[in-house]
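What follows is each chain in one-letter form.
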Amino acid sequence: MGGARGVGWVAAGLLLGAGACYCIYRLTRRRRRGDRGLVLRPSQSAEDLTDGSYDDVLNAEQLQKLLYLLESTEDPIIIEKALITLGNNAAFSVNQAIIRELGGIPIVGNKINHSNQSIKEKALNALNNLSVNVENQIKIKIYINQVCEDVFSGPLNSAVQLAGLRLLTNMTVTNDHQHMLHSYITDLFQVLLTGNGNTKVDASFLSLYDSHVAKEILLRVLTLFQNINNCLKIEGHLAVQPTFTEGSLFFLLYGEECAQKIRALVDHDDAEVKEKVVTIMPKI
């Protein structure tokens, strides 16, 4: 039982690593957009909200209109546009809470069962952005089994599979929901081993541990290392010792290059980063 749980945690940790590059993209994109300030549109009809620039940030009234449109229409073009708009707006923390409070999570979640694969992908992308909020995860976790089924039953490296992996990545940042992946461990490893470059982790992953990387990204990858290490060890002993090929996440994280990068972060300017490194240091 303990061994299986350990393997489950490692698999979940690997999944987090596989999506790390996407996380850095979202975080840096959000910062670029945030530099311009939040742009609120004037009141519009629901369908108008799906047109034009998706970079504009909607307010609560507009988000409510959009959710109503998403729930009431059967037009696949409108559904897809509405999901894109919601997904982009869910990249902002204030909207993550607003969408939840408006009852938007089940409205979006229901679309992952849509027969249209593009709509399914956009729904997963929207849930992924919403899942950054811990309170949202409590509502999103009911979709984990369905997402896993779609990830492992669909075509390898498909847009839906990658969108599902990104959602599972955010849902397993902490240990709260990792146990839900236990029955999918074999399939998870198969995807990570056979997927293309979008699914695997290459050596450039270690660049995320450089001191010049943004604080929020550093904290994520340091937490990744900490979680995997904690899951591998039970009562101070190595619970499982899987063998991975060179270039795998495990190989990279436990190599000397990664250890040197983490040690160098002891002198980082940010106190929160330094505190996290001090916690990790005895383990490397």
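What this report covers is the structure whose coordinates are included nearby. A quick note: this is a predicted structure, and the numbers were derived from the prediction, not measured.

**What to know about the overall build of the protein chain**
- Looking only at helices and strands, the protein chain features 15 helices and two strands.
- Across the 284 residues that make up the protein chain, the buried fraction comes to 51%.
- Contacts in the protein chain between residues far apart in sequence, at least 24 positions, make up 68% of those at least 6 positions apart.
- Here the protein chain displays about 13200 Å² of accessible surface, and carbon together with sulfur accounts for 53% of that area.

**Some details on the nonpolar core**
- Counting residues in each nonpolar core, the largest one holds 40 residues, and the members touching the most others are Leu 70, Leu 86, Val 108, Leu 127, Ile 140 and Val 147.
- Of all the secondary-structure elements, those providing two or more residues to this core are helix H3 (60-72), helix H4 (76-89), helix H5 (93-101), helix H6 (104-109), helix H7 (117-130), helix H9 (144-153) and helix H10 (159-171).
- Ranked by the residues each element gives to this core, the list is headed by H10, at seven residues.
- Apart from the residues within four sequence positions on either side, Val 108 is in contact with Leu 70, Leu 83, Leu 86, Ala 123, Ala 126 and Leu 127.
- One finds Val 201, Leu 218, Cys 258 and Val 277 within the second-largest nonpolar core, a separate group that totals 23 residues.

**Digging into the packing of H4 against H7**
- Between H4 and H7, the least distance of the axes is 8 Å, while the angle of their chain directions is 20 degrees. The angle between H4 and H7 places the two elements in the roughly parallel class. Classified by chirality, the crossing of H7 by H4 is left-handed. Together, Pro 76, Ile 79, Glu 80, Leu 83, Ile 84, Gly 87 and Asn 88 of H4 and Ser 118, Ile 119, Lys 122, Ala 123, Ala 126 and Asn 129 of H7 make up the contact between the two elements.
- Taken together, the residues of the contact of H4 with H7 sort by class into seven nonpolar, four polar and two charged.

Criteria and cut-off values
Sequence positions are assigned chain by chain, starting from 1 and proceeding in written order. Totals for whole chains, interfaces and linings use all residues, but because this is a predicted model, local features are given only for residues with pLDDT of at least 70 and pairs of side-chain atoms are given and counted only at 80 or more. For side-chain calculations, the full set of non-hydrogen atoms in the structure is used, while hydrogens and water are omitted. A run of H or I in DSSP counts as a helix once it spans at least four residues, and a run of E counts as a strand once it spans at least two, with each numbered from the N terminus. We call a residue buried when its accessible area falls under 20% of the maximum for its residue type, exposed when it is over 50%, and partly exposed in between, using a 1.4 Å probe and counting protein chains only. Residue contacts are defined here by distance: any two heavy atoms, one from each residue, within 4.5 Å place the two residues in contact. Each accessible area value is a Shrake-Rupley result obtained with a 1.4 Å probe; residue values ignore everything except the protein chains displayed when judging cover. We define the nonpolar core as a collection of buried residues of types Ala, Val, Leu, Ile, Met, Phe, Trp, Tyr and Cys that are connected through side-chain atoms lying within 4.5 Å of one another. Axes here mean lines fitted to C-alpha atoms, for a helix over just the part in contact, with angles spanning 0 to 180 degrees between N-to-C directions. For classification, angles of less than 35 degrees are called roughly parallel, those exceeding 145 degrees roughly antiparallel, those between 65 and 115 degrees roughly perpendicular, and all remaining angles oblique. A clockwise turn of the near helix away from the far one marks a right-handed crossing, whereas an anticlockwise turn of less than a right angle marks a left-handed crossing. Ten residue types, Ala, Val, Leu, Ile, Met, Phe, Trp, Tyr, Cys and Pro, are classed as nonpolar, four, Asp, Glu, Lys and Arg, as charged, and the remainder, Gly among them, as polar.

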